[in-house]
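In case you want the letters, here they are:
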Amino acid sequence: MIGTRTAPRSPGPAPAVTGHPVRETYVDYDLIVIGSGPAGQKAAIAAAKLGHRAAVVERRNMVGGVCINTGTIPSKTLREAVLYLTGLNQRELYGQAYRVKEDITVADLSARTHHVIGREIDVIRNQLARNHVPLIAGTARFVDPHTIEVDSEHGIPQPITADKFVIAVGTRPARPASVDFDGQTIVDSDQILDLHHVPSSMVVVGAGVIGIEYASMFAALGTKVTVVEKRPQMLEFCDLEIIEALKYQLRDLAVTFRFSESVRTVERHTGGTLTVLESGKKIPAETVLYSAGRQGVTDTLDIGAAGLQADARGRIAVDENFRTDVPHIYAVGDVIGFPALAATSMEQGRRASYHAFGEAVGGKLGDLQPIGIYSIPEISYVGRTEDELTTENVPFEVGVSRYRELARGAILGDSYGMLKLLVHAESRELLGVHVFGTNATELVHIGQMVMGCGGTVDFLVDAVFNYPTLAESYKVAALDAVNKMRAIARVTGRPQLFAE
Ligand SMILES: Cc1cc2nc3c(=O)[nH]c(=O)nc-3n(C[C@H](O)[C@H](O)[C@H](O)COP(=O)(O)OP(=O)(O)OC[C@H]3O[C@@H](n4cnc5c(N)ncnc54)[C@H](O)[C@@H]3O)c2cc1C
Ligand SMILES: NC(=O)c1ccc[n+]([C@@H]2O[C@H](COP(=O)([O-])OP(=O)(O)OC[C@H]3O[C@@H](n4cnc5c(N)ncnc54)[C@H](O)[C@@H]3O)[C@@H](O)[C@H]2O)c1
């Protein structure tokens, strides 16, 4: 029966971590984690810290998952290299011609990326090793609900059993058959890291987070970028005013947007690529980045043998404890869908293991998860948006601080940044924090902590921040919100200066 162990087994010897075939090896664990991305790593280490025997299975050359090898870490390191070498963030201070390097090559960019990837893989290997979590090399597939086989380097599958499983296999770029990917002129977000040179023009298909982050980077490098998005707006889950500010900044870097336009085909010709839209428009470019969604990597896992199934996008359904329909099998990270972030994936992994081994966790993984988008400039938020609150008839006031009025903003040469607080008009609680500009993804956490502790706007009004800092924007925005609330109170003759 699914979820029930039929016979106890004694643990066998350690598995063949190096991939040498050991057919007779019979290994039993308390927990097997499939996938070593952020979700899998934290699930395995959490189990080990609770005193259980855990192992991680990972395909060769992918230790650290998409996060370290092709996703978060390379893209964020590339962004840092782009910002440094182009001198973009310094141009307000030193003039539009300012550059650290004139002709930026792929070698200039990838040197930094390779260095960081290597270092991060080393950190992960070390963390697993010191927690006695074996890293088993190969691709896992279920044989039955308590057994997986891991293909070895020599093709001889190695069976491994466990009481419990955590599936953390992540996603890969969706690749429609109508698009002729060749790795150089038509690429997905994995292949873009291997371009031979910085293209002069690029079409980015899909204005999701991946599309907008890479559009920002290539535009900063001087590539003429056109973004095609089938929806009327991009990143519609973010604050509208901030998205408008981002579009303005990207247009300033010569990015063209084609919203409400679907891509019919992407053609490869001797002279370059042609992106053909449903509307009949044709956009020529040297390179096309196809970044229109991702697909769960469940197809090679034989989850049917474990009694599970995936949806059309390869995703596995879970309950609030990350348990699948088969009670001893959990699924975490990108393979369960939204929000599909490294940050959230790690926490899901830890929670799944705690639940599996009966350890208490805090409340539900709820609304206070920050979103960080590393566009240029960057965006981050936590909590609700103005649109959501308006739809739900929640009365709120807005407090805004602009970096151009902060001493730190002037020192950094950031005149466009802003921080916006959404404050409940009656309880004065903080309902949302939206940040645009330098350090947005760091700053958001101040608001997250205040919200997590149920803090009100008055806490921020009364707080003293280091000067000159961008964090000071919290106080400025809080004062702005309180001033507006006081103005309303004056009109109604009912001054309410503090939460009751
Ligand atoms: C370009 C890009 C930029 C991103 N930027 C950010 C960002 O800035 N911030 C952020 O929070 N998130 C970002 N993300 C998302 C983030 O990378 C993912 O949310 C995160 O990697 C998900 O972690 P995971 O553990 O679920 O899976 P993954 O990191 O995808 O790891 C899954 C692992 O499972 C392995 N695997 C799959 N099948 C098997 C099998 N059968 N046997 C053995 N192993 C298997 C794979 O080889 C892979 O290594 C980005 C993603 C991309 C693509
Ligand atoms: N900073 C971050 O946290 C970060 C960075 C990158 C990626 N990610 C994660 O990676 C995941 C995948 O990101 P993504 O951007 O690939 O996917 P996505 O699904 O978020 O975006 C794809 C976009 O492509 C559009 N699209 C689809 N087909 C199209 C077509 N034929 N023509 C035009 N537009 C089309 C969709 O409308 C959508 O807006 C996201 O869930 C995201 O959370 C996070």
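The model shown is predicted, which means the values in this text are computed figures rather than measured ones.

Visitor: I tried to follow the confidence of the model for the protein on my own but got confused; where do I start?
Guide: Fine structural detail should not be taken from predicted coordinates in areas where pLDDT scores are low. Summing up the model confidence of the protein, the mean pLDDT is 92 and the portion of residues at 70 or higher is 93%. Below a pLDDT of 50 lies the segment residues 6-25, which in the model reaches 35 contacts outside its immediate sequence neighbourhood of four places, other chains included. Here the complex is predicted with pTM 0.93, and the ipTM for its interfaces comes to 0.92.

Visitor: Would you take a moment to explain the site of ligand 2 for this structure?
Guide: The immediate surroundings of ligand 2 are formed by 24 residues, with G206, G208, I210, A292 and A340 found nearest. Only α6 (209-220), β10 (224-229) and β18 (371-373) provide two or more residues apiece to the shell around ligand 2. Per-element tally for the shell around ligand 2: the top contributor is α6, with four residues. Looking at the shell around ligand 2 residue by residue, the classes come out as 12 nonpolar, seven polar and five charged.

Visitor: Help me understand the domain arrangement of the protein in this model?
Guide: How big an interface is tends to be stated in terms of the accessible area lost upon association of its parts. Along its sequence, the protein is organised into domain 1 (1-173 + 293-366), domain 2 (186-292) and domain 3 (377-492). Taking the mean C-alpha position of each, domain 1 and domain 2 sit 29 Å from one another. Each partner contributes to the interface: domain 1 provides 12 residues, whereas domain 2 provides 14 residues. With six residues, the single largest contributor to the side of domain 1 that touches domain 2 is helix α3 (residues 72-86). Of the residues contributing to the side of domain 1 that touches domain 2, the split by class is seven nonpolar, four polar and one charged.

Visitor: How should I be thinking about the packing of helix α1 (residues 38-49) against helix α8 (residues 342-356) in this particular structure?
Guide: Helix packing for two helices is described by the angle between their axes and how far apart those axes are. Packing of α1 against α8 brings their axes to within 7 Å, and their N-to-C directions diverge by 30 degrees. The orientation of α1 relative to α8 falls into the category roughly parallel. The way α1 lies across α8 gives a crossing that is right-handed. Taken together, the residues of α8 that come into contact with α1 (itself represented by P38, A39, G40, Q41, K42, A43, A46 and A47) are A342, S345, M346, Q348, G349, R350, A352, S353 and Y354.

Visitor: Looking at this structure, I do not really get the site of ligand 1. What am I missing?
Guide: The environment of ligand 1 is made up of 38 residues, and the closest members are G35, G37, G65, G170 and G333. Secondary-structure elements contributing two or more residues to the shell around ligand 1 are α1, β2 (54-58), α2 (65-69), α3 and α8.

Visitor: Would you take a moment to explain the nonpolar core for this structure?
Guide: As a rule of thumb, soluble globular proteins bury nonpolar side chains together. Within the largest apolar cluster, 77 residues are counted, with the highest numbers of intra-cluster contacts made by V204, V205, A215, L289 and L421. Ignoring anything within four residues of it in the chain, the contact list for V205 reads V228, V263, T275, V288, L289, Y290, S291 and A292.

Visitor: What exactly am I supposed to notice about the UniProt feature "binding site: NAD(+)" (unreviewed entry) in the protein here?
Guide: What UniProt calls "binding site: NAD(+)" (unreviewed entry) maps, in this numbering, to G206, A207, G208, V209, I210, G211, I212, E213, E229 and G293. For the annotated residues, spread through 88 residues, the largest C-alpha to C-alpha distance comes to 14.1 Å, consistent with a single compact locus. Relative to the elements of secondary structure, I210 occurs in helix α6. When near neighbours in sequence (up to four residues on either side) are disregarded, I210 contacts S189 and S291. Its place among the elements puts G211 in helix α6. Given 25 C-beta atoms within 10 Å, G211 falls into the buried group. Every residue in contact with G211, bar those within four places of it in the chain, is listed here: V204, G206, V227 and S291.

The rules behind the values
- Residues numbered from 1 in each chain as written.
- Chains lettered and ligands numbered in written order.
- Predicted model: local features only at pLDDT ≥ 70, side-chain atom pairs only at ≥ 80, totals over all residues.
- pLDDT = per-residue confidence, 0-100.
- Contact = placed C-beta atoms within 7 Å.
- Near = placed C-beta within 6 Å.
- Helix = DSSP H or I, 4+ residues; strand = E, 2+ residues; numbered from the N terminus.
- Nonpolar A, V, L, I, M, F, W, Y, C, P; charged D, E, K, R; others polar.
- Domains from an automatic or database assignment.
- Axes fitted to C-alpha atoms, helices over the stretch in contact; angles between N-to-C directions.
- Parallel < 35°, antiparallel > 145°, perpendicular 65-115°, else oblique.
- Left-handed = near helix turned anticlockwise from the far one by under 90°.
- Core = buried A, V, L, I, M, F, W, Y, C linked by C-beta atoms within 7 Å.
- Buried ≥ 20, exposed ≤ 12 C-beta atoms within 10 Å, placed from the backbone.
- UniProt positions renumbered as here; feature names shortened; annotations may be inferred.

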